[in-house]
2 protein chains.
Amino acid sequence: MSHGGLQPFVSPSHQADNRLLSPRVALRETPWLTAVADKTLDVLAGHAVLHRIPAGSMLFEQAETPTFAQILVAGSVELLGVRGNDETRIERVYPIDMLLPAAVLTRQPYLLRARVLDEAHLLMIQAEAFLHAVAQDHALCLAVLACQAVQFRRQVKQAKNVRLRSAEERVGCYLLRLHEGAPPGVPARLPLNKRQIAAELGMTRETFSRTLGAIARRGLRIDGDIVIVDDPVAAHTGFSLDPLIDGAEPIQPLATKGTEG
Amino acid sequence: MSHGGLQPFVSPSHQADNRLLSPRVALRETPWLTAVADKTLDVLAGHAVLHRIPAGSMLFEQAETPTFAQILVAGSVELLGVRGNDETRIERVYPIDMLLPAAVLTRQPYLLRARVLDEAHLLMIQAEAFLHAVAQDHALCLAVLACQAVQFRRQVKQAKNVRLRSAEERVGCYLLRLHEGAPPGVPARLPLNKRQIAAELGMTRETFSRTLGAIARRGLRIDGDIVIVDDPVAAHTGFSLDPLIDGAEPIQPLATKGTEG
DNA sequence: TCCCAGCCTTGATCTGGATCAATGCAGCCT
DNA sequence: AGGCTGCATTGATCCAGATCAAGGCTGGGA
């Protein structure tokens, strides 16, 4: 299972409970840290705790200065831009990923509020210890760089999706993508409730709902929470997936090709 | 002069012509590379060329795979999301900064098109050599990480600005920011023509123009290209600058505080 | 001097999507 | 049963900002 874009949310209880008992184990099992030496992970683990945070909790507030580097091990988290009483969702974070490493790295205040959507398992590493480790361990630095680069690209894709496509196209492409992603024969299911999908796609629930009605014309339909493509041809004509928008953006190690020096 | 957000565009001819003759010198004079060893810069310089590219040129196209890591030394560049004939401006890049390091680092295709706005002095380093150097040199890796983190935060600020504020507020805050940024006594000037400011603020030129008319009510006005604050109180009541949106985001080295290990 | 190309402004109109407001429809608790 | 809470649909209306369409102003070139 990749951790790119549209994960079904895994029930956290079965995923993490037994295996991720300690920070040390959590670190070792983080795929994009595989290249990092045990010694460094030991150090990090020494300054870390593993917390389970219930849905609805606020992890940090806009303008706070980060005291921990946080790695989301299970569950999910939303990042919101806040202004007075208005909130706008900027990003949804899926495991295994860091929460706003940019703020931690630059020692600047968070630009966003973080709230738990599905019970989160969080690996919290003291910010200073984390920074020190990044400054000491080249492999760790490379891993964080990869993580940060991918987050940047996800942002750009999101911006393109919202600004270059109409609401209807976003919905169509989203469903189509789910459908393509599902194993052949198995019908695709909505991985989230509709309210959250709407937020993901940058529109209100009402607009999402209406749009779902409208795209029936294009051979795309929802029954309960499963996606039905009545007319594949019409669907693909109306909505063309673009890898530069819809493609997953998984965190990969920054490997050097060819001969090593 | 910081390289955060709202630079006046410096005439490239006087800034760079004599000093930045060679890639080697350009690298050494890049502020956020100061911590990188000469040896590494030598290697990079060995795989680099310094180019001067006229306004209007396309540097790379969406979906291309990066062959160079590009550092903008002087001039300016816009990054555009493209879909058919539609373009949407995602970002404007000011020197000294990298152009989409995320694509180079992840070896993925560019998500955006890059076009020169003001004649650009570009340091172009072969992608593989650059990646290799990042993989070899910890200090360089840290520098690139800092650069990438800042770019991420700029994106987030841009998103907040557009989604949390009305067109009128964006214009008001932009002008106010210019005004605050200017040395006391000296009137602030528009650093760009209005068309480009409009794009920067995520609106059409027409809307920008109308909005300029509208905010006269709030004690803010443009005369020619200088910003006049007729009524500071009204202006600050109507438009409150938020450091989490309007603050500059300069590229700084990722220093470790306190004792070194 | 005329002409033309770039900018900017101004007006009229359109519209995608938000907002406000009801209603339906589960599941769940007591 | 009832009543509550949270989600989803559906309809009516609104509005910020885009779009389309004319001008106006400035500077430059022959």
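Parameters and conventions
Residues numbered from 1 in each chain as written. Chains lettered and ligands numbered in written order. Predicted model: local features only at pLDDT ≥ 70, side-chain atom pairs only at ≥ 80, totals over all residues. Heavy atoms only, no water. Near = heavy atom within 4 Å. Polar contact = N/O pair within 3.5 Å; in protein donor to acceptor, adjacent residues only side chain to side chain. Helix = DSSP H or I, 4+ residues; strand = E, 2+ residues; numbered from the N terminus. Nonpolar A, V, L, I, M, F, W, Y, C, P; charged D, E, K, R; others polar. Contact = heavy atoms within 4.5 Å. Buried area = accessible area lost by both parts, 1.4 Å probe. Salt bridge = Lys/Arg side-chain N within 4 Å of Asp/Glu carboxyl O. Axes fitted to C-alpha atoms, helices over the stretch in contact; angles between N-to-C directions. Parallel < 35°, antiparallel > 145°, perpendicular 65-115°, else oblique. Buried < 20%, exposed > 50% of the residue type's maximum accessible area, 1.4 Å probe, protein only. Least-squares fit on C-alpha atoms with pLDDT ≥ 70 in both. Pairing = 2+ DSSP bridges. Domains from an automatic or database assignment. Core = buried A, V, L, I, M, F, W, Y, C linked by side-chain atoms within 4.5 Å.

S.K.: Describe the protein's contact with DNA strand C, and please don't skip the residues or the numbers.
M.R.: The environment of DNA strand C is made up of 15 residues, and the closest members are Thr 207 and Arg 210 of chain A together with Lys 194, Ser 209 and Arg 210 of chain B. Near-protein atoms of DNA strand C (within 4 Å) split between backbone and bases, with sugar and phosphate holding 62%. Between Thr 204 of chain A and DNA strand C, the recorded distance is 3.2 Å, taken from a side-chain N or O atom to a phosphate oxygen. At 3.3 Å from a base nitrogen of DNA strand C is found a side-chain nitrogen or oxygen belonging to Glu 206 of chain A. Put simply, the parts of the chain that give the surface near DNA strand C at least two residues each are α7 (167–181) and α9 (205–214) of chain A together with α8 (194–200) and α9 (205–214) of chain B.

S.K.: An account of the protein's contact with DNA strand D is needed here, citing residue identities and associated values.
M.R.: Surveying the vicinity of DNA strand D reveals 15 residues, the closest of which are Lys 194 and Arg 210 of chain A together with Ala 167, Thr 207 and Arg 210 of chain B. The share of sugar and phosphate among atoms of DNA strand D within 4 Å of the protein is 61%. One of the side-chain nitrogen or oxygen atoms of Arg 210 of chain A is found 2.8 Å away from a base nitrogen of DNA strand D. At 2.9 Å, a side-chain N or O of Arg 210 of chain B approaches a base oxygen of DNA strand D. Breaking the surface near DNA strand D down by element, the ones donating at least two residues are α8 (194–200) and α9 of chain A together with α7 (167–181) and α9 of chain B. Its residues assigned to classes, the surface near DNA strand D shows two nonpolar, six polar and seven charged.

S.K.: Break down the interface of chain A and chain B for me, citing the residues and quoting the values.
M.R.: With 56 residues of chain A at the contact, the number on the chain B side is 56 residues. Interface of chain A and chain B: buried area, both sides summed, is about 5,100 Å²; carbon and sulfur atoms make up 65% of it. Three residues stand out in chain A for area buried against chain B, namely Leu 111, Phe 152 and Arg 153 of chain A, and they jointly supply 15% of the buried area on that side. Our enumeration of links across chain A and chain B arrives at two salt bridges. Note that Arg 83 of chain A and Glu 169 of chain B form a salt bridge whose closest N and O atoms lie 2.6 Å from each other. Across the contact surface, chain A and chain B share 18 residue pairs in polar contact (both at pLDDT 80 or more).

S.K.: If you had to explain the packing of α7 of chain B against α9 of chain B to someone new, which residues and values would you point to?
M.R.: Residue and element names in this part refer to chain B. Direction vectors running N to C along α7 and α9 enclose 70°, while the axes themselves pass 10 Å from each other. Judged on the interaxial angle alone, α9 and α7 are roughly perpendicular. Two secondary-structure elements touch here, α7 through Ala 167, Glu 168, Val 171 and Leu 175 and α9 through Thr 207, Phe 208, Thr 211, Leu 212 and Ala 214. Of the residues contributing to the contact of α7 with α9, the split by class is six nonpolar, two polar and one charged.

S.K.: Provide a residue-level description of unusual backbone geometry, including the pertinent values.
M.R.: The linkage connecting Pro 95 of chain A with the following residue, Ile 96 of chain A, adopts the cis geometry, with an omega of -10°. Along the polypeptide, Ile 96 of chain A turns up in the loop between β4 (86–93) and β5 (97–98). Even without glycine at this site, Arg 107 of chain B takes up a positive phi of about 55°. Here Arg 107 of chain B lies in the loop between α4 (101–106) and β6 (113–126). Here Arg 107 of chain B falls in the partly exposed class, since its relative accessible area comes to 22%.

S.K.: So, the relation of the copies chain A and chain B: which residues are in play, and what are the values?
M.R.: For the pair chain A and chain B, the relating rotation is 180°, the translation along its axis is 0.0 Å, and the fit reaches an RMSD of 0.0 Å. Interpreted geometrically, this transformation is the action of a two-fold axis. A shared interface surface links the copies, since 100% of the contact residues of chain A are contact residues in chain B too.

S.K.: How would you sum up the sheet that holds strand β7 (residues 188–189) of chain B? Please name residues and give values.
M.R.: Residues and elements named next belong to chain B. Sheet architecture is open: three strands sit in the order β7-β9-β8, paired in antiparallel fashion. Looking along the sheet, the strands with just one partner apiece sit at the ends: β7 and β8 (220–223). Across four bridges, β8 lies against strand β9 (residues 226–229) in antiparallel orientation. Within β9, the position partnered with Leu 220 by the bridge is Val 229. Sheet strands touched by α7: β7, β8 and β9. Its angle to β8, the strand with the most contacts, is close to 70°.

S.K.: So what's going on with the domain arrangement of chain A? Residues and values would help.
M.R.: Residue and element names in this part refer to chain A. Partitioning chain A into structural domains gives domain 1 (12–162) and domain 2 (166–246). Here the C-alpha centroids of domain 1 and domain 2 sit 29 Å apart. In this assembly, nine residues from domain 1 lie in contact with nine residues from domain 2. With both sides pooled, the region where domain 1 packs onto domain 2 buries about 980 Å², and carbon together with sulfur makes up 46% of that total. Connecting domain 1 to domain 2 are one salt bridge.

S.K.: Give me the nonpolar core: which residues, what numbers.
M.R.: Core analysis: the biggest nonpolar cluster contains 117 residues, and Phe 130 of chain A together with Phe 130 of chain B have the highest contact counts within it. At 13 residues, the largest contribution of residues to this core is made by helix α6 (residues 138–164) of chain B. Look past the residues within four positions of Phe 130 of chain B in its chain and what remains in contact with it is Leu 44, Ala 69, Met 98, Val 104, Leu 105, Ile 125 and Val 144 of chain B. In this structure, Tyr 174, Leu 176, Ala 198 and Met 203 of chain A belong to the second largest nonpolar core, which totals 25 residues.

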